[in-house]
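Chain by chain, the residues:
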Amino acid sequence: MTVPATTTGTPLKALKTTIGAVMGGLVVVAILFGGVVLGLHGYPLTWVPWLLGALTVVAHLVCTAVGYRVPAVAPGTAPDEAATAARAAFQQSTFLRLAVCEAVSLVGIALAFAVRPQTGMTVVIGVVLTLALLLLHGWPGTRVLGRVERSLDRDGGRSYLTDTMHGREPGQNGALLS
């Protein structure tokens, strides 16, 4: 299997670039809505940060319960086919977890405009909590990659997820593609 060339290198690097751009966009949202549009004066009512914190816990639990569920690779699946399916499943599960995590910041933005006093601190709180969730569940690091790979391999098949995401031929023991 030849991993398609991208402008950013390996499929893992391309996914990290995408997730990093989303995280950077959240920082821009916090600066624009939080600092410029609404201003950072004042603090939201006490229940607002508590609600965002509770939503963060719910998002974490949803990511943990369903965000890593991927179809298992059947034993005997050809390496090329398994690696292609594994990469697609990993990317889909990553974007599912990303969407769940981002709900916290979206609710924070909505609350910042809907609840008085209107303050950008509500946006900042939502964005900070979302960034923490994204570091835990969205960033495609070794821990997240390993967790999805274990889920893919749970029925005894080999997914070769780590190999394919790093741009290696499946089962080639770490030999990089040229």
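The sections below set out a description of the structure shown in this document. Because the structure is predicted, anything quoted here is derived from the model rather than measured.

Conventions we followed
- Residues numbered from 1 in each chain as written.
- Predicted model: local features only at pLDDT ≥ 70, side-chain atom pairs only at ≥ 80, totals over all residues.
- Heavy atoms only, no water.
- Helix = DSSP H or I, 4+ residues; strand = E, 2+ residues; numbered from the N terminus.
- Buried < 20%, exposed > 50% of the residue type's maximum accessible area, 1.4 Å probe, protein only.
- Contact = heavy atoms within 4.5 Å.
- Areas by Shrake-Rupley, 256 points an atom, 1.4 Å probe, with all protein chains shown as cover.
- Polar contact = N/O pair within 3.5 Å; in protein donor to acceptor, adjacent residues only side chain to side chain.
- Axes fitted to C-alpha atoms, helices over the stretch in contact; angles between N-to-C directions.
- Parallel < 35°, antiparallel > 145°, perpendicular 65-115°, else oblique.
- Nonpolar A, V, L, I, M, F, W, Y, C, P; charged D, E, K, R; others polar.
- Salt bridge = Lys/Arg side-chain N within 4 Å of Asp/Glu carboxyl O.
- Core = buried A, V, L, I, M, F, W, Y, C linked by side-chain atoms within 4.5 Å.

**Observations concerning the overall build of the chain**
Right, so step 1: A count of helical and extended segments in the chain gives six helices and zero strands.
Right, so step 2: Each helix and strand of the chain, ordered N terminal to C terminal, gives the series α-α-α-α-α-α.
Right, so step 3: Considered along the principal axes of its C-alpha atoms, the chain spans approximately 60 × 35 × 20 Å.
Right, so step 4: Here the chain holds 178 residues, and the buried ones make up 42% of them.
Right, so step 5: The long-range fraction of contacts in the chain, counting pairs at least 24 apart against all pairs at least 6 apart in sequence, stands at 79%.
Right, so step 6: Only carbon and sulfur atoms are counted for the fraction: they give 67% of the accessible area of the chain, which is about 8,900 Å².

**Overview of the side chain of T130**
Right, so step 1: Following the sequence through the fold, T130 ends up in helix 4 (residues 120–138).
Right, so step 2: Within the structure, the side chain of T130 is placed 2.8 Å from the backbone oxygen of G126, a separation counted as a polar contact.
Right, so step 3: Dropping the residues within four chain positions of it, T130 is found in contact with L26, C101, E102, V104 and S105.

**Concerning the environment of R150**
Right, so step 1: As for its position among the elements, R150 is in helix 5 (residues 142–152).
Right, so step 2: Measuring from C-alpha to C-alpha, the distance between R150 and V70 comes to 9.9 Å, with 80 residues separating the pair along the chain.

**What to know about the packing of helix 3 (residues 79–114) against helix 4**
Right, so step 1: Packing of helix 3 against helix 4 leaves a shortest axis separation of 7 Å and a crossing angle of 170°. As the angle between them shows, helix 3 and helix 4 are arranged roughly antiparallel. Of helix 4, the residues touching helix 3 (which contributes T94, R97, L98, C101, E102, V104, S105, G108, I109, L111 and A112) are T122, V123, G126, V127, L129, T130, L133, L134, H137 and G138.
Right, so step 2: In terms of residue class, the contact of helix 3 with helix 4 is made up of eleven nonpolar, eight polar and two charged.

**Digging into the pattern of salt bridges**
Right, so step 1: Counted by the stated rule, this structure contains one salt bridge.
Right, so step 2: For D163, the salt bridge is made with R168, and the minimal N-O distance between the two is 3.5 Å.
Right, so step 3: The class of D163 is buried, set by a relative accessible area of 10%.
Right, so step 4: Exposure remark for R168: the relative accessible area of 15% places this residue in the buried category.

**Side note on helix 5**
Right, so step 1: The set of residues buried in helix 5 consists of V144, L145, G146, V148, E149, S151 and L152.
Right, so step 2: For helix 5, the secondary structure elements touched by its buried residues are helix 3, helix 4 and helix 6 (161–165).

**A look at the nonpolar core**
Right, so step 1: V123, V127 and L134 are the most contacted members of the largest nonpolar core, which totals 18 residues.
Right, so step 2: Contributions of two or more residues to this core are made by helix 1 (11–37), helix 2 (47–66), helix 3 and helix 4.
Right, so step 3: Counting residues per element, this core draws most heavily on helix 3, at six residues.
Right, so step 4: In this view, L134 contacts M23, L26, L98, C101 and W139; residues no more than four positions away in its chain are not counted.
Right, so step 5: With 17 residues, the next largest nonpolar core counts L15, Y68, F90 and Y160 among its residues.

**Some words on the environment of R116**
Right, so step 1: Looking at where R116 falls in the secondary structure, it is placed in the loop between helix 3 and helix 4.
Right, so step 2: R116 gets classed as exposed once you look at its relative accessible area, which sits at 62%.
Right, so step 3: Considered as a pair, R116 and R87 are 29 residues apart in the sequence and their alpha carbons are 45 Å apart.

**Quick word on the packing of helix 1 against helix 3**
Right, so step 1: The N-to-C vectors of helix 1 and helix 3 enclose an angle of 0°; their axes lie 12 Å apart at closest approach. In terms of orientation, helix 1 and helix 3 fall into the roughly parallel class. In this structure, helix 1 contributes P11, L15, T18, I19, V22, L26, V29, F33 and V37 to the contact, and helix 3 contributes R87, F90, Q91, T94, F95, L98, E102, S105, I109 and F113.
Right, so step 2: Its residues assigned to classes, the contact of helix 1 with helix 3 comprises 13 nonpolar, four polar and two charged.

Don't take any of this as a statement about function, it's just geometry.
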